[in-house]
Amino acid sequence: MSDLLKVTIDGKSIEVPPGTTIMQAARQLGGKYPPAMCYYEPLKNTGGKCRVCLVKVAQTSEANPRPMPKLVASCITRVEHGMVVENETSPEVLDARNGVVEFLLINHPLDCPVCDQAGECDLQNLSYEHGHEQTRYEEGRREFERIDIGPYVQLHMTRCILCYRCVYAADQLTGQRVHGVLNRGDVSEIGTYIQQSIENEFSGNIIDVCPVGALTDKTYRFKQRVWFSKPFDAHRDCDKCCGKVVLWMKGDAIIRVTARKNEFGEVTDFICNDCRFEHKQASDWSIEGPRDIIPESVIGANKYELPVVSPAVNVDAKFVSE
Amino acid sequence: MATKILLENLAVEGIRAIDTYMANGGYRAVSKALKEMSPDQLVEEVKASGLRGRGGAGFPTGMKWSFLDKKSDKPRYLVCNADESEPGTFKDRYLMERIPHLLIEGMITASYALGANTSYIYVRGEMMSVIRLLERAIAEAYAKGFLGKNILGSGYDLELYVQPGGGAYICGEETALLESLEGKRGNPRNKPPFPAVSGLYGCPTVINNVETIASVPWIVNNGGAAYASIGLGKSTGTKLISACGNIRQPGVYEIELGLPVEEFIYSDAYCGGIAEGRELKAVVPGGSSVPILPKELILKTAAGEPRLMSYESLADGGFVSGSMLGSGGFIVFDERACIVRNLWNFTRFYHHESCGQCSPCREGTGWMEKVLHRIEHGHGKMSDIDLLVDVAKHIEGKTICPLGDAAAWPVGSAIRHFRDEFEAHVKHPDSCLAKHLHGAYAHAVPIMEP
Amino acid sequence: MEFSQEIKREFDQIVARYPQGRQKSGLLPILHRVQAEYGWLSTEAMNAVAEYLNLNPIEVYEVATFYTMFHLEPVGKYVLEVCRTGPCCLVGAETLLQYLQRKLNIGIGETTPDGLFTLKTVECLASCGTGPVLQIGPEYLYHEHLTEQKLDQLIDRLRSES
Ligand SMILES: Cc1cc2nc3c(=O)[nH]c(=O)nc-3n(C[C@H](O)[C@H](O)[C@H](O)COP(=O)(O)O)c2cc1C
Ligand code: SF4
Ligand code: SF4
Ligand code: FES
Ligand code: FES
């Protein structure tokens, strides 16, 4: 078909329909596609913010063989016919990516050992591949109090990387958004401004879209480290959502319910709060069988230890801000 | 006497009022454009003039206008960028305060050229008095029939409004400005799509600086060729330069592009030399974002040619030995000024103004500020200097909008040209030049952060 | 909380500047108007603005916290906003800021016990050629070429006027 566009990424080519982004093409190609911390395909308008997916466009198109002057965010840059992209093969890309990961970590608390997300945290995965041995950051870190937003969700803002996914999720999955991004710059925070709870049938999904441990399931906290529990695919008849979930079980006990993530770590079938928070008996569910874990993840590769980045000198210093 | 295009009638008493403005030739361009020229002809004249955007990037205005998507059946918008927040830049405020009708006349002619029937002037909120002044002037223009329906019987309609900002440098970036004008946080948009295709409310939009738009009436009246004959090479016409810092006569000067920098600094017609007879040390020639140049490199290029006030000459040598004309914010440092302290100040500014959307700028600006703060206050290490260069490199070119670059360039250039000063701060933490001084930078105590 | 009919009429005029359905564009001008009226933006005031513009309250909070001109806590009658950016510092802004802190006996971000003055720093006000400079809302007139004497006179005048 002539209206397909040919794109070459790290030497491998694929033909994709117009409108496809570099990230989408790379994911279709398989192999090592660019990481994503803010882009989330099922949510409209996400992407372009975190910059970990930067790639080099060595040739813009067949018609325009010049390279693009700067690295581009692969998650929002559309493919052109004859485009040549360098991802893992470009030292410039890897250097930029290491830089972005370093930036994401400077204000991140190194509390993986006590974080609920440990073992399934995108930032943790990313820092294994792109982290420095030792942090060069010696200044104070940003800190926030953890707060409860409603009966089900806890916000630990200190861990947030401001990917905006939860904001888009709230906008697109729930009718009325009550949380958002407040302030600006590096004192931006996710919040509700006034103490307010997020109460909406689909609000629990903000937990699943959060790439780090900033939004966590209050009904699950501290029950069990994720890698000690076993995931099972299960479903139930639900009149609010698809009812297709993952049950995280220890023995016969359901310690947590989440939506199913695809191979890119994204939820396409969002679930309702009823399924997520209110059905914790095995008898509530039809269990389909054990679930395969994504091999790249920390739990998958069974490489969970202490984080690579050693704690900074003054982790406890309060971040001075206005 | 140098040609004056924008400030020609500056000294005319009462020029703020529409009658005086008209008595001095004002609004001729509106009747000429609407009655005698087609919109396309107007775009062609502006193309022929070689006029380049005066907001900082220097992009050819006529070309920008020709990119506007005219096939779209959506309304088209012209938005004037009067956010003027780049440190060292105060030319737009000067122009709007003194000759407000020049901007309004420019908005009418430019809107006509672009086929816009609603246009906005986005003025930073701090300039409330300018906003009031512009609103009064717009009311006068409506009363004279230069705005509204069927202007001067031409069949062309235009509504013109002033929109206040809320205190955010980033809203000078054109897509952040559009977000702000839509009532949102000033987060820059990823491009493409460019505003010419999808701008305000998703409609084709042109954003131009105050000075750019104010240059249009002259081009309408005198022709693009006449404008192109002024200036030097591709730097056509005149430019407002706002000069500040340690000079005898700070102020706004309209210069013909191509004027030697040395003349601009030392002539009594312009800066009048360095204040109190001191020595020139360095200049940031185009607003705080552009690279700083030491005396030798601002007066002469690396090749020994005289440096000129033009886009090309100021950029000669790239970022190794050159800088940029930028917005025309000309900041002069005398021998006493502390480059480290100034860099800390500028970096603090970018940290404070980062919108926080993308990680390199959000995190990197704060990191650089903290390291610079340490160095300036006697807690620096030698390795900090290279760390700063490296952090700046990891920001530059990796962000959504150019604020990241704007934060990185001053760091790279100050360390490139004044590395010894940074090392001296590290080696002799107590002997920062500033501590021995009175007046400028007299206080070593950090008093700037709340 | 209810806005007066007069203020609502002004809101209506503001919203009329934008195309149908784009009333959110009026948010910044309306917040400025509310702040000029009440001195600061309380949660109640922001909620009322949200209701007027038919927005979720969070959309108003997000915007109000992004822009530095909006006061989200009560402030003094006069908010002195002093420019702290490089060019002004080259001509003595730092010294002057210290003087002002000593004179009012408050730090940056604080309000005098009599509720008259709040001291704030702001970034470049596009007045670098006439610095040091400060401005005072809600009129936001600039006070330029500041010296210690000029500050003394300004503070005395404001004290006697109130
Ligand atoms: C951080 C940032 C701040 C800017 N501030 C301004 C400004 O205050 N005024 C302005 O005219 N342009 C500013 N610009 C440039 C605008 O994005 C845009 O290029 C300009 O308004 C286009 O008008 P022109 O072509 O007439 O110069 C800024 C750009 C950036 C990245
Ligand atoms: S809380 Fe999580 S999902 Fe929301 S912005 Fe922060 S990191 Fe992203
Ligand atoms: S570069 Fe800075 S100001 Fe620009 S979008 Fe990114 S965070 Fe915002
Ligand atoms: S995933 Fe592309 S910028 Fe975040
Ligand atoms: S630096 Fe103070 S007004 Fe520009």
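No experiment lies behind these values; they were computed from the predicted model shown. (Residues numbered from 1 in each chain as written. Chains lettered and ligands numbered in written order. Predicted model: local features only at pLDDT ≥ 70, side-chain atom pairs only at ≥ 80, totals over all residues. Heavy atoms only, no water.)

1. A look at the site of ligand 1
Residue and element names in this part refer to chain B. Surveying the vicinity of ligand 1 reveals 18 residues, the closest of which are G55, N81, N208, N209 and T212. One of the backbone nitrogen or oxygen atoms of R54 is found 3.2 Å away from an oxygen atom of ligand 1. Between N209 and ligand 1, the recorded distance is 2.6 Å, taken from a side-chain N or O atom to an oxygen atom. In isolation ligand 1 has 610 Å² of accessible area, and contact with the protein removes 90% of it. Per element, the largest residue contribution to the shell around ligand 1 is three residues, and it comes from strand β4 (residues 205-209). Per-class residue counts for the shell around ligand 1 are four nonpolar, eight polar and six charged. (Near = heavy atom within 4 Å. Polar contact = N/O pair within 3.5 Å; in protein donor to acceptor, adjacent residues only side chain to side chain. Areas by Shrake-Rupley, 256 points an atom, 1.4 Å probe, with all protein chains shown as cover. Helix = DSSP H or I, 4+ residues; strand = E, 2+ residues; numbered from the N terminus. Nonpolar A, V, L, I, M, F, W, Y, C, P; charged D, E, K, R; others polar.)

2. So, the sheet that holds strand β13 (residues 329-334) of chain B
Residue and element names in this part refer to chain B. As summarised here, the arrangement of the five strands in space is β8-β7-β13-β10-β11, forming an open sheet in which the pairing is mixed. Each edge of the sheet is formed by a strand with only one pairing partner; in this case those strands are β8 (251-256) and β11 (293-294). Taken together, the four bridges between strand β10 (residues 280-284) and β13 define a ladder with antiparallel strand orientation. Directly across from L280, in β13, lies its bridge partner D334. Helix α5 (residues 91-98) rests against β7 (238-245) and β8 of the sheet, and its axis sits at about 115° to β7. (Pairing = 2+ DSSP bridges. Contact = heavy atoms within 4.5 Å. Axes fitted to C-alpha atoms, helices over the stretch in contact; angles between N-to-C directions.)

3. Here we look at the domain arrangement of chain B
Residues and elements named next belong to chain B. With domains assigned, chain B is organised as domain 1 (18-229), domain 2 (233-334) and domain 3 (339-438). For domain 2 and domain 3, the distance between their C-alpha centres works out to 23 Å. Listed per partner, the contact involves 15 residues of domain 2 and 14 residues of domain 3. For the pair domain 2 and domain 3, the two sides together bury roughly 1200 Å², of which 68% comes from carbon and sulfur. The partner of K281 in a salt bridge is E421, and the shortest N-O contact between them spans 2.9 Å. Between the two partners, domain 2 and domain 3, sit five residue pairs in polar contact (both at pLDDT 80 or more). Broken down by secondary-structure element, the contributors of at least two residues to the side of domain 2 that touches domain 3 are β10, β11, α15 (318-321) and β13. If you tally residues by element for the side of domain 2 that touches domain 3, the top one is α15, at three residues. When grouped by side-chain class, the residues that make up the side of domain 2 that touches domain 3 number eleven nonpolar, three polar and one charged. (Domains from an automatic or database assignment. Buried area = accessible area lost by both parts, 1.4 Å probe. Salt bridge = Lys/Arg side-chain N within 4 Å of Asp/Glu carboxyl O.)

4. Observations regarding the interface of chain B and chain C
Each partner contributes residues to the interface: chain B has 65 residues there, and chain C has 47 residues. Interface area, chain B with chain C, both sides summed: about 4400 Å², of which 57% is carbon and sulfur. Inspection of the region where chain B meets chain C yields four salt bridges. Residue E144 of chain C pairs with R93 of chain B through a salt bridge whose shortest N-O separation is 2.7 Å. On inspection of chain B and its partner chain C, the count reaches 26 residue pairs in polar contact (both at pLDDT 80 or more). Of all elements in the fold, only α7 (128-143), β3 (159-164), α8 (174-181), β7, β13 and α16 (339-353) of chain B reach the threshold of two or more residues within the side of chain B that touches chain C. The biggest single contributor to the side of chain B that touches chain C is α16 of chain B, with eight residues. A class-by-class count of the residues in the side of chain B that touches chain C yields 31 nonpolar, 20 polar and 14 charged.

5. A short note on the packing of aromatic side chains
One pass over the structure, following the stated rule, counts 28 aromatic pairs over all chains. Their ring planes at 80° and their centres at 5.4 Å tell us that Y21 of chain B and Y27 of chain B sit as a pair that is edge-to-face. On the basis of relative accessibility, which here comes to 5%, the residue Y21 of chain B falls in the buried class. Owing to a relative accessible area of 2%, Y27 of chain B belongs among the buried residues under this scheme. Judged by centre distance (5.8 Å) and plane angle (75°), the rings of Y77 of chain B and Y201 of chain B are edge-to-face. In this pair, Y77 of chain B sits in strand β1 (residues 77-82) while Y201 of chain B sits in the loop between α8 and β4, placing the two residues 124 residues apart along the sequence. Given a relative accessible area of 6%, Y77 of chain B falls into the buried group. Note on Y201 of chain B: relative accessible area 8%, which makes it buried. Members of the aromatic cluster, connected to one another through ring pairs, are Y77, Y120, Y161 and Y201 of chain B together with Y18 of chain C. Across the ring face of Y311 of chain B, the terminal group of R52 of chain B is positioned such that the distance to the ring centre comes to 4.0 Å. (Phe/Tyr/Trp six-rings, centres within 6.5 Å; stacked < 30°, edge-to-face > 60°. Buried < 20%, exposed > 50% of the residue type's maximum accessible area, 1.4 Å probe, protein only. Lys NZ or Arg CZ within 6 Å of the ring centre and 35° of its normal.)

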